[in-house]
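The primary structure of each chain is shown beneath.
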Amino acid sequence: MSNEGNWQKAIRQKRFRLHLLVTGLGAVSLVLFLPYFFNVILLPKPGVVLNDFILNQLEPKDWSWIIFGLIYISLLLTVLFNYKKPYTILLGIESYVTINLIRMITLYGVTLEPPHGIIPLIDPVITKIAYGSVVYLKDLFFSGHVSTLFLLFLIEENRIRKSILLVATMLVAFLILWQHVHYSVDVFFAPVFTLLVYYAFRKIHALQFTNSPV
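Described below are features of the structure shown in this document. What you see is a predicted model; the values in this text were computed from it and never measured. Positions within a chain are numbered from 1, following the residues in the order the chain's sequence is written. Two thresholds apply to this predicted model, a pLDDT of at least 70 for residue-level local features and 80 or more for giving and counting side-chain atom pairs, whereas whole-chain, interface and lining totals are computed over all residues. The side-chain numbers reported here are obtained from all heavy atoms of the structure, hydrogens and water having been left aside.

A look at helix 2 (residues 14-42)
Right, so step 1: Bending of helix 2 peaks at approximately 40 degrees at the position of Phe-33, with proline Pro-35 no more than four residues after it.
Right, so step 2: For the exposure calls, accessible area comes from a 1.4 Å probe over protein chains only, and a residue counts as buried if that area is under 20% of its type's maximum, exposed if over 50%, partly exposed in between. Here a helix means four or more residues in a row that DSSP labels H or I, a strand means two or more in a row labelled E, and each is numbered from the N terminus. Turning to helix 2, its buried residues are Phe-16, His-19, Thr-23, Leu-30, Leu-34, Phe-37, Phe-38 and Leu-42. Given a residue, its bend is the angle between the two axes fitted to the seven residues that end at it and to the seven that start from it.

Encoded structure:
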């Protein structure tokens, strides 16, 4: 089913407005709670150090500027090409917020200390929102950067741009491992959680919205 309906038509749907409101409140609550969660709840919690075979084969190297370039250029282009598609934008935001809520649960349940030789990946945006001024080094299961890029890949419908986003996701995943920012398990599980959340919301949209993209 086409998702080319404009925002005016979408906003007239009560269910769309409700989804947008709940998602917005969820996003604001997440932003406000994240610094407390990371610095007060998670940081003092003892974690486990993993012996990662893949990381052991890679000498750490700083790829931060390439990683951030790929992520933020991909995000910007996805928004530019899809901003006229309200259901696609809603699907992306709902999935992103939910993925991060699930991620908080996995972070607390699977608490890991940073990999040996980690070179900090200091995100110019996320660091200020989630961690404050602290260089946060605790390992984060699962990778938020990989899940974000993979979500952009999932919501994109154009085949060429979709292929580019898939390559960008795989490249960022590899560079994050090379930089020892994450254990390999963080990177491998990121697409799994993202895929489950994305398809759950696709199903919900198909059932509730007449102009949903599925």
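Now that the structure is up, let's keep going.
Description of the environment of Gly-69
Right, so step 1: Relative to the helices and strands, Gly-69 is located in helix 4 (residues 64-82).
Right, so step 2: Along the sequence, Gly-69 and Val-172 sit 103 residues apart, while their C-alpha atoms lie 9.9 Å from each other.

A look at the pattern of salt bridges
Pairing of side chains with opposite charge becomes possible as their charged atoms draw close.
Right, so step 1: Salt bridge, as used here, is a side-chain nitrogen of Lys or Arg placed within 4 Å of a carboxyl oxygen of Asp or Glu. Tallied over the entire structure, the rule returns three salt bridges.
Right, so step 2: The closest approach of N and O atoms between Glu-113 and Lys-138, which form a salt bridge, is 3.0 Å. In this pair, Glu-113 is assigned in the loop between helix 5 (86-109) and helix 6 (126-131) and Lys-138 in the loop between helix 6 and helix 7 (144-155), connecting sequence segments 25 residues apart.
Right, so step 3: The buried category is assigned to Lys-138, whose relative accessible area is 8%.
Right, so step 4: For Glu-156, the salt bridge is made with Arg-161, and the minimal N-O distance between the two is 3.2 Å.
Right, so step 5: In this structure Glu-156 comes out as buried when scored by relative accessible area, which is 2%.

Some points on the nonpolar core
In a soluble, globular protein the nonpolar side chains are often hidden away together inside.
Right, so step 1: What makes a nonpolar core is a set of buried Ala, Val, Leu, Ile, Met, Phe, Trp, Tyr and Cys residues whose side-chain atoms join them at distances within 4.5 Å. The biggest cluster of nonpolar side chains holds 33 residues, and the ones touching the most others in it are Ile-67, Leu-121, Val-146, Val-172, Ile-176, Val-187 and Tyr-198.
Right, so step 2: Contributing elements (two or more residues each) for this core: helix 4, helix 5, helix 7, helix 8 (159-178) and helix 9 (184-208).
Right, so step 3: The criterion used for residue contact is that any of the two residues' heavy atoms lie within 4.5 Å. Once residues within four sequence positions are removed from consideration, Val-146 is found in contact with Thr-169, Ala-173, Ile-176, Val-187, Ala-190 and Pro-191.
Right, so step 4: If you look at the next biggest cluster of nonpolar residues, it comprises nine residues, including Phe-37, Leu-42, Met-104 and Leu-140.

Considerations on helix 7
Note on helix geometry: an α-helix contains 3.6 residues per turn, so any two residues three or four positions apart are oriented the same way.
Right, so step 1: Expected span of a helix: the number of residues minus one, times 1.5 Å. Along its 12 residues, helix 7 runs 17 Å from first to last C-alpha, staying within 8% of the 16 Å computed at 1.5 Å per residue.
Right, so step 2: Counting buried positions along helix 7 yields 12 of 12 residues, so the element is predominantly enclosed.
Right, so step 3: Taken together, the buried positions of helix 7 are occupied by Gly-144, His-145, Val-146, Ser-147, Thr-148, Leu-149, Phe-150, Leu-151, Leu-152, Phe-153, Leu-154 and Ile-155.
Right, so step 4: Residues of helix 7 that are buried make contact with helix 4, helix 5, helix 8 and helix 9.
Right, so step 5: What qualifies as a polar contact is a pair of N or O atoms within 3.5 Å, subject to a donor-acceptor requirement within protein and to the restriction that residues adjacent in sequence count only when both atoms come from side chains. The opening residue of helix 7 is Ser-143, an N-cap whose side-chain oxygen sits 3.2 Å from the backbone nitrogen of Val-146.

Quick notes on the packing of aromatic side chains
For any pair of aromatic rings, the description consists of the separation of the ring centres together with the inter-plane angle of the planes.
Right, so step 1: Working definition: a ring pair exists when centres of Phe, Tyr or Trp rings (six-membered ring for Trp) sit within 6.5 Å. Plane angles under 30 degrees give stacked, over 60 give edge-to-face, the rest tilted. Within the structure shown, the criterion is met by 17 aromatic pairs.
Right, so step 2: Between Phe-33 and Phe-37, the aromatic rings sit 6.2 Å apart at their centres with planes inclined by 40 degrees, giving tilted as the arrangement. Taken together, the residues span about one helical turn, with Phe-33 and Phe-37 both in helix 2 at a distance of four residues.
Right, so step 3: Overall, Phe-37 belongs to the buried group, its relative accessible area being 5%.
Right, so step 4: Taking the centre distance of 6.2 Å and the plane angle of 90 degrees together, the rings of Phe-141 and Phe-142 count as edge-to-face.
Right, so step 5: By relative accessible area, Phe-141 is classed as buried at 8%.
Right, so step 6: Put simply, the rings of Trp-7, Phe-16, Tyr-87 and Phe-209 touch in pairs and so form one group of aromatic residues.

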